Amino acid sequence: MAKTLMFVALLWCAFCEASTEHNAVVWMKNGDRLTGVITQQDKDIVFLNLPYSGQVQLPRAQIDRIEQQKLLAAPIVVAETHAVVIKNQVVRHSSVDLTAGKKRSSSSTDNLGFKTAFEQRDTNIRLTFDGKYDYETSNSLKKTHKYLLNPGADYFFQPQLFWRNKVDYSQDFIAADYKNIDLSSGLGYSFYDTAELRIEFIALAGLKRTHFKETAGLELFLGDRQQLDFRHIQLEWDLRYLWPGSSFEVFSEGSYLKPVNQPVQYIEFRQDINISSGLHYYLTERIRLSFSVDLDWSKIDVVLPRYEGFSADSRDLHQKLSIGAKF
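Comments concerning the overall build of the chain
Then, number 1: When its secondary structure is counted, the chain shows two helices and 19 strands.
Then, number 2: Evaluated residue by residue, the chain yields a buried proportion of 32% over its 327 residues.
Then, number 3: When contacts within the chain are restricted to residue pairs at least 6 apart in sequence, long-range pairs at least 24 apart make up 48% of them.
Then, number 4: Only carbon and sulfur atoms are counted for the fraction: they give 60% of the accessible area of the chain, which is about 19,900 Å².

This is the structure:
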């Protein structure tokens, strides 16, 4: 009888020990469902032990939700299951890059640049903020002096489909169009958004207001107006790929803007293209060197009666080497 009681006690303890483990169902953003045991997790990684392949590491940014199932201690003949949905933790990313360079050719050019980016994502909302500052001199004369601020917010209807609202504000201390404010909104689709790969495209429509200096000498075209409003459609993209097993990350981001109205009779605004493509090399997990090629191209034609049209394009191409940090 004593042996029987001891066996029952040992069996009960073993059951209670096993009942503290959590079986989890992990729903990925791409639609996959993984069932296993969570052995460890933090704000970035979930370690899931799968019965068919062993332990795997799942980036939390790829997880839609986690359902945990725990067997409550009870008599052996009765087992009750409760499901608990765990919300994703807030994910934040930020980066800062400093650019400085000299170019010696027919002219002596010095460049100083600063760029920062911030992103915060929870289940349905993603907030972003980009800032950029450029200062360039050529033969000791100012050639470029401007800054740009780009706050935005994305609302995700589904893990991959979202709606974007954003503001682009730029101030140029040298150009005739010294201030530009762009309000736009539209639909975006995220094909991939992981720590290693991001592929996103966004189609937008909006209104852009350009302010001109009074001393710009554009009275022939603008009359007594000092600002113009453009309605436009726009395509944006954000591409990133961290090469597996290496410290190299290639990237390309930019926009293509097409005006849908012409507010001035003798000036035709054709398109506006902004592209930044290049390569990041991570010296450490946080510190990186970056090389990029940046193109800003505004295509503008001037059309006068009885004269052939001529181009008044604004085109700026830069190659930049910078050092920065990603957090």
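Re the pattern of salt bridges
Then, number 1: Here the structure, examined in full by the defined rule, presents 21 salt bridges.
Then, number 2: Between E249 and R240 there is a salt bridge whose closest N-O contact spans 3.6 Å.
Then, number 3: Among the residues examined, E249 registers a relative accessible area of 2% and is labelled buried.
Then, number 4: Sharing partners across several salt bridges, the network here consists of E119, R121, R126, D154, R164, K166, D168, D193, R198, E200, E236 and D238.

A look at the packing of aromatic side chains
Then, number 1: A complete count under the given rule lists nine aromatic pairs for this structure.
Then, number 2: Ring centres 4.8 Å apart and planes at 70° place the aromatic pair Y189 and F191 in the edge-to-face group.
Then, number 3: Classification of F191 as partly exposed rests on a relative accessible area of 41%.
Then, number 4: Residues F191 and F201 carry aromatic rings whose centres are separated by 6.2 Å and whose planes lie at 80° to one another, so their mutual orientation is edge-to-face. Note that F191 is positioned in strand β12 (residues 179–193) and F201 in strand β13 (residues 197–211), a separation of ten residues in sequence.
Then, number 5: Each residue in the set Y147, Y169 and F173 is aromatic and connected to the rest through ring pairs, giving one cluster.
Then, number 6: The ring of F156 carries the charged tip of R121 above its face, separated from the ring centre by 3.8 Å.

Re empty space enclosed by the protein
Then, number 1: Summed over the entire model, instances satisfying the criterion amount to two cavities of 30 Å³ or more.
Then, number 2: By volume, the largest cavity amounts to about 70 Å³.
Then, number 3: Taken together, K132, D134, T144, K146, D294, L295, D296, D316, H318 and K320 form the lining of the largest cavity.
Then, number 4: Per-class residue counts for the lining of the largest cavity are one nonpolar, two polar and seven charged.

Topic: the nonpolar core
Then, number 1: In this structure, A24, V26, M28, L34, I38, V46, L48, L50, L58, I63 and I66 together form the largest nonpolar core, which totals eleven residues.
Then, number 2: Counting residues per element, the ones that place at least two in this core are β1 (22–28), β2 (33–41), β3 (45–50) and β5 (63–71).
Then, number 3: Ranked by size, the runner-up nonpolar core spans seven residues in total, among them L228, V264, F269 and I300.

Points about a nonpolar patch on the surface
Then, number 1: The grouping of L98, L112, F114, W243, F248, V250, L279, Y281, L283, I287, L289 and I323 at the surface amounts to a nonpolar patch, some 1,000 Å² of accessible area in total.
Then, number 2: Of all the secondary structure elements, the ones that give two or more residues to the nonpolar patch are β8 (108–121), β15 (248–259), β16 (267–282) and β17 (287–302).
Then, number 3: Looking at the element boundaries, L112 is found in strand β8.
Then, number 4: The class of L112 is partly exposed, set by a relative accessible area of 40%.

As for the environment of Y189
Then, number 1: Its location among the elements puts Y189 in strand β12.
Then, number 2: With 30 residues separating them in the primary sequence, Y189 and P159 have C-alpha atoms 9.3 Å apart.
Then, number 3: Once you skip the residues sitting within four places of it in the chain, Y189 turns out to touch Q160, L161, F162, I199, E200 and F201.
Then, number 4: Within the structure, Y189 has its side chain in polar contact with the side chain of Q160 (distance 3.2 Å).

Quick notes on the confidence of the model for the chain
Then, number 1: Per-chain confidence: the chain averages 80 in pLDDT, with 78% of residues scoring 70 or above.
Then, number 2: Taken as a whole, residues 12–21 scores under 50 in pLDDT and shows eight contacts with residues more than four places along the chain or in a different chain.
Then, number 3: Per-residue pLDDT stays below 50 along residues 71–88; that stretch engages in 30 contacts with residues further than four places along the chain or on separate chains.

Observations concerning the side chain of R198
Then, number 1: Here R198 shows up in strand β13.
Then, number 2: Polar side-chain contacts of R198 include one of 3.2 Å to the side chain of D238.
Then, number 3: In this structure R198 touches E119, R126, Y192, D193, D238, L239 and R240, once residues within four positions along its chain are discounted.

Describing the environment of L58
Then, number 1: Within the secondary structure layout, L58 lies in strand β4 (residues 54–59).
Then, number 2: With relative accessibility at 9%, the residue L58 sits in the buried group.
Then, number 3: The residues contacting L58, other than those within four sequence positions of it, are V26, M28, L34, D44, I45, V46, L48 and I63.

Description of the pairing of strand β11 (residues 161–172)
Then, number 1: As defined by bridge partners, strand β10 (residues 141–156) adjoins β11 across nine bridges and the pair is classed as antiparallel. Paired with Y155 across the strands is W163, a residue of β11.
Then, number 2: Counted along the chain from β10 to the antiparallel partner β11, the turn is four residues long.
Then, number 3: Remark: six residues form the turn of the hairpin made by β11 and β12, two consecutive strands paired antiparallel.

Cut-offs used in this document
Per chain, residue numbering runs from 1 following the sequence as it is written. Reporting in this predicted model follows two pLDDT cut-offs: at least 70 for local features of residues, and 80 or more for side-chain atom pairs to be given and counted; totals over whole chains, interfaces and linings ignore these cut-offs and use all residues. For side-chain calculations, the full set of non-hydrogen atoms in the structure is used, while hydrogens and water are omitted. In DSSP terms, a helix is any run of H or I states spanning at least four residues, a strand is any run of E spanning at least two, and both are numbered starting from the N terminus. Type-normalised accessible area, obtained with a 1.4 Å probe on protein chains alone, sets the label of each residue: buried when under 20%, exposed when over 50%, and partly exposed for intermediate values. Contacts are assigned to residue pairs that have any heavy atoms within 4.5 Å of one another. Shrake-Rupley sampling with a 1.4 Å probe provides the accessible areas, and residues are treated as covered by the protein chains on show and by no other component. What makes a salt bridge here is a side-chain nitrogen of Lys or Arg within 4 Å of a carboxyl oxygen of Asp or Glu, nothing more. Only rings of Phe, Tyr and Trp enter the pairing, Trp through its six-membered ring, and a pair is recorded when the two centres are within 6.5 Å. The plane angle decides the type: under 30 degrees is stacked, over 60 is edge-to-face, the rest tilted. Consider the ring centre and the ring normal. A charge sits over the ring if Lys NZ or Arg CZ is within 6 Å of that centre and within 35 degrees of that normal. The definitions used throughout rest on a 1 Å grid laid over the protein atoms alone, on which a cavity is an enclosed set of points accommodating a 1.4 Å probe that cannot get out and a pocket is an open set flanked by protein within 12 Å on both sides along at least five of seven lines; lining residues are those having an atom within 4 Å of a point. Grid points are joined across faces, edges and corners, and a volume is the space filled by probe spheres set on the points. Polar here means any residue outside two lists: the nonpolar Ala, Val, Leu, Ile, Met, Phe, Trp, Tyr, Cys and Pro, and the charged Asp, Glu, Lys and Arg; Gly therefore counts as polar. Within this scheme, the nonpolar core is defined by two criteria: the residues are buried Ala, Val, Leu, Ile, Met, Phe, Trp, Tyr or Cys, and they are joined through side-chain atoms within 4.5 Å. Here a patch means residues that are over 30% exposed by relative accessible area and free of salt bridges, tied together within 9 Å if like-charged and within 5 Å if nonpolar (Val, Leu, Ile, Met, Phe, Trp, Tyr). For this analysis, a polar contact is any N or O atom pair within 3.5 Å, provided that within protein one partner can donate a hydrogen and the other can accept it, and provided that sequence-adjacent residues contribute only side-chain to side-chain pairs. As a per-residue measure, pLDDT tells how confident the predictor is, with possible values from 0 to 100. One requirement defines pairing of two strands: DSSP has to find at least two bridges between them.

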